[in-house]
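Chain and residue survey
The primary structure of each chain is shown beneath.
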Amino acid sequence: PFSRQWFNIFWSIGYVIFTAATSTLTLLVPATLLRLVSLSLYSRVTSGIFSCWWTSCLFITERLNGVKVRVSGDTLPANVPLLFMSNHKCNLDWMFLWSAAIRSAGSIWAVGAFRAVAKAEIRVVPVFGWGCKLNGFAYVRRQWSVDAARLKRWMAAQISRGAPGWVVIFPEGTRFTDANKKRSDASAVKDGLQTLPGEILRPRTKGLALMLDESRAAAAAAAMTGGRYAATGGYFSRVVDMTVAYTDADGKPLQGSALGTRCFGQLARGELPVDTCHVHFECFKPDDVPTDPEAVDAWCMERWRIKAAMLQGVAKTGRIPGVEPWSTSGGQVPLVLQTCLRVGFVVQGLVCVGLLVTSKLFALYAVVAFIGLGAMAQIDPPEW
């Protein structure tokens, strides 16, 4: 019914916008003062804030839309930096990464550890782009002459502060669409490569190779000084090949056309066509992954061929072939925990609104804070 749809929109998108804007003022901006004390402490506090907020938002996918998350593959090491490389099926991949993080770590705290390498356009999105920047996201311009130096500075900052990051990179560079598939296949043919079958794009690996090289360099430096990372072979303890696939209620894979931009509206109304999100992890030790750019490109292309075959298996059987889902798969974030988090963020939001209405000083602070965040996002310092 029409009224039900509007209630769902209010209770989903309304909650997200209201709590994101207010918690930015009451939690994230004040937390930046911790940078004067300890960058490591700042990273951990902001990760904790995002863990709680993002977990509270999962009610939209898991409860309002009833999407199940099936996780399989290797167990992820706990409390160490990891580098994830994933196919990019749709705009909602990041929300299901949060669900997979909870199921892999057994707690909500892994959710805020995600830091993505994302396109620069996101950084100027009010509140959301700013917040991701505060949590340590890296924004790239898709101009390698500019991005290479920025990614090096960003990696140096992550390594120096010992950030508890699970860094996510989408080597395909963009989500799947029919138009992007045509461009991807044309690029592969031009370079004399075999095209990838199915809804998957050719990976671009310059950023991945740079991050692997910087991670290995951190281990080499640690070996000389006896510092951390010497024993793990790099800043990243593991490189994780992550495969994401979506199936409908009949177990059939969802086409990219069903998960385009309009999926945000479907998500808000509780009408997302996804029944199950399948997430598969394969972990590699740093020493088992090349760092030379050409070797990384060849290795990643081979992993993408394996990934393409895996997705074809999903198309035939409705699940990742040859593996069993974890015991923590399916289900939902515990209702009591999620409700407590949601109530907590709504309460802080109401307190924030009350202060904005009754206190001119707080209203001035809000204006200055948002102007400052907007300016910071425009400047986009990689070390933040």
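Bear in mind that the values here come from a model prediction, so they are computed numbers and not experimental data.

Cut-offs applied
Residues numbered from 1 in each chain as written. Predicted model: local features only at pLDDT ≥ 70, side-chain atom pairs only at ≥ 80, totals over all residues. Heavy atoms only, no water. Helix = DSSP H or I, 4+ residues; strand = E, 2+ residues; numbered from the N terminus. Expected span 1.5 Å × (residues − 1). Buried < 20%, exposed > 50% of the residue type's maximum accessible area, 1.4 Å probe, protein only. 1 Å grid on protein atoms, 1.4 Å probe; cavity = no way out; pocket = protein on both sides within 12 Å on 5 of 7 lines; lining within 4 Å. Points joined across faces, edges and corners; volume = space filled by probe spheres on them. Nonpolar A, V, L, I, M, F, W, Y, C, P; charged D, E, K, R; others polar. Core = buried A, V, L, I, M, F, W, Y, C linked by side-chain atoms within 4.5 Å. Contact = heavy atoms within 4.5 Å.

1. Things to note about helix 4 (residues 93-105)
One full turn of an α-helix is made of 3.6 residues, so residues set three or four places apart face in the same direction. For helix 4, which comprises 13 residues, the first-to-last C-alpha distance of 18 Å matches the rise-based estimate of 18 Å (1.5 Å per residue) to within 8%. A large share of helix 4 lies buried, amounting to eleven of its 13 residues. Along helix 4, the residues classified as buried are Asp-93, Met-95, Phe-96, Leu-97, Trp-98, Ser-99, Ala-100, Ala-101, Ile-102, Arg-103 and Ser-104. Just downstream of helix 4 lies Gly-106, where phi reads positive at about 80 degrees.

2. What about empty space enclosed by the protein?
The full count for this structure, using the stated rule, is three cavities of 30 Å³ or more. Approximately 70 Å³ is the volume found for the largest cavity. Counting residues per element, the lining of the largest cavity draws most heavily on helix 8 (residues 206-225), which supplies three residues. Classifying every residue of the lining of the largest cavity gives six nonpolar, three polar and one charged.

3. Focus: the nonpolar core
Of all hydrophobic cores here, the largest spans 75 residues; its most connected members are Phe-84, Trp-166, Tyr-246 and Phe-281. Setting aside residues no more than four positions away along its own chain, Trp-166 makes contact with Leu-76, Pro-77, Val-80, Leu-82, Phe-84, Ala-101, Ser-104, Ala-105, Ala-110, Ala-113, Phe-114 and Arg-115. Residues Ala-209, Leu-212, Ala-218 and Met-301 belong to the second largest nonpolar core, which totals 37 residues.

Geometric descriptors of this kind do not, in isolation, establish any biological role.
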